[in-house]
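# Inside the fold
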Amino acid sequence: MIDNAFSAAPLPPEGGFSDSNNIKIPTVWVKTSKASLPTGEVRGPRVIISVSDNGPGIPQSIVNKIFQPFFTTKPTGQGTGLGLSLGYDIVRAHGGELVIDTKDGEGSIFCIKLPITINT
């Protein structure tokens, strides 16, 4: 997810910048937190890891495909389309969920929610 964010952050919004003087600073944010309120599929205490970028966002027409194996938007030879698919499977195997919030021209937020298990 971080590699994808670094790839997306320097890209202009779809169709390019409308103003030739538009200066964009590509940025990726990583945030961690602990939550205990029940939301989504993960209930109880959990760790939340979010990766955000200020890239062009993911078009709604392909959002439902991005976790499929071998799906990529990168040019030939620059991506296998396995990164998000494997990440999704790993998170699910640990009882978590991986969700995305994306807006055209504004970037994307990938959020991993993993349950906290306490062994006594």
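Conventions and cut-offs
- Residues numbered from 1 in each chain as written.
- Predicted model: local features only at pLDDT ≥ 70, side-chain atom pairs only at ≥ 80, totals over all residues.
- Heavy atoms only, no water.
- Helix = DSSP H or I, 4+ residues; strand = E, 2+ residues; numbered from the N terminus.
- Buried < 20%, exposed > 50% of the residue type's maximum accessible area, 1.4 Å probe, protein only.
- Polar contact = N/O pair within 3.5 Å; in protein donor to acceptor, adjacent residues only side chain to side chain.
- Contact = heavy atoms within 4.5 Å.
- Pairing = 2+ DSSP bridges.
- Core = buried A, V, L, I, M, F, W, Y, C linked by side-chain atoms within 4.5 Å.

### Describing the side chain of Thr102
Mapping Thr102 onto the fold places it in strand S3 (residues 97-103). Here Thr102 falls in the buried class, since its relative accessible area comes to 10%. Here Ile58 takes part through its backbone nitrogen, which lies 2.7 Å from a polar atom of the side chain of Thr102. In this structure the side chain of Thr102 is engaged in a polar contact, spanning 2.8 Å, whose partner is the side chain of Ser108. Excluding its chain neighbours within four sequence positions, the residues that come into contact with Thr102 are Gly57, Ile58, Gln60, Val63, Gly107 and Ser108.

### Considerations on unusual backbone geometry
Look at Phe70: it is not a glycine, yet its phi comes out positive at around 70 degrees. For Phe70, the position within the fold is in the loop between strand S2 (46-53) and helix H2 (83-93).

### Overview of the pairing of S2
Within S2, six of the eight residues are buried, which leaves the element mostly enclosed by the surrounding structure. In the sheet, strand S1 (residues 28-35) pairs with S2 via eight bridges, with the strands oriented antiparallel. If you follow Ala35 over to S2, its bridge partner there is Arg46. As defined by bridge partners, S2 adjoins strand S4 (residues 107-115) across eight bridges and the pair is classed as antiparallel. Within S4, the position partnered with Ser50 by the bridge is Cys111.

### Structural notes on the nonpolar core
Across soluble globular proteins, nonpolar side chains show a tendency to be buried alongside one another. Ile58, Ile62, Ile66, Phe67, Leu84, Val91, Leu98, Phe110 and Ile112 form the largest nonpolar core, which has nine residues in total. Residues in contact with Leu98, not counting those within four places in the same chain, are Met1, Phe67, Gly87, Tyr88, Val91, Phe110, Cys111 and Ile112.

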